[in-house]
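Residue-level listing of the chains:
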Amino acid sequence: MEHHPASAWLAGAVNAAGGQGPGVLRIVLIVMILGCALTAWFLLRGYRRKDD
C-alpha cells in the first residue's frame, strides 16, 4: 500500500466533491461543525462540578 500525504488526500477529496456540486461540501462542513460541538459538549460535561 502506498503512502499518500494528507494534503494529497484532501486535494483529491475536494476535487471529487467539486464534481458533485456545492451541496456535498456544505453537508460535510455542517456534519463536521455538529460533530465538533457534540464532542466539546460531551467532554466539557465531565468537568462540571457536582455540589451535592
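All of the points below concern the structure found in this document. Source: prediction; values computed, not measured.

### What about the overall build of the protein?
Regarding its fold elements, the protein presents two helices and zero strands. Taken over 52 residues, the protein has a buried fraction of 2%. Approximately 5,200 Å² of the protein is accessible, and the part contributed by carbon and sulfur atoms is 68%.

### Quick word on the packing of aromatic side chains
Enumeration according to the criterion identifies zero aromatic pairs in this entry. The side chain of arginine 45 reaches across the aromatic face of tryptophan 41, ending 5.2 Å from its centre.

### Observations concerning a nonpolar patch on the surface
Together, Val24, Leu25, Val28, Leu29 and Met32 make up an exposed nonpolar region whose accessible area comes to about 420 Å². Overall, leucine 25 belongs to the partly exposed group, its relative accessible area being 46%.

Calculation notes
Residues numbered from 1 in each chain as written. Predicted model: local features only at pLDDT ≥ 70, side-chain atom pairs only at ≥ 80, totals over all residues. Heavy atoms only, no water. Helix = DSSP H or I, 4+ residues; strand = E, 2+ residues; numbered from the N terminus. Buried < 20%, exposed > 50% of the residue type's maximum accessible area, 1.4 Å probe, protein only. Areas by Shrake-Rupley, 256 points an atom, 1.4 Å probe, with all protein chains shown as cover. Phe/Tyr/Trp six-rings, centres within 6.5 Å; stacked < 30°, edge-to-face > 60°. Lys NZ or Arg CZ within 6 Å of the ring centre and 35° of its normal. Patch = residues over 30% accessible without salt bridge, like charges linked within 9 Å, V, L, I, M, F, W, Y side chains within 5 Å. Salt bridge = Lys/Arg side-chain N within 4 Å of Asp/Glu carboxyl O.

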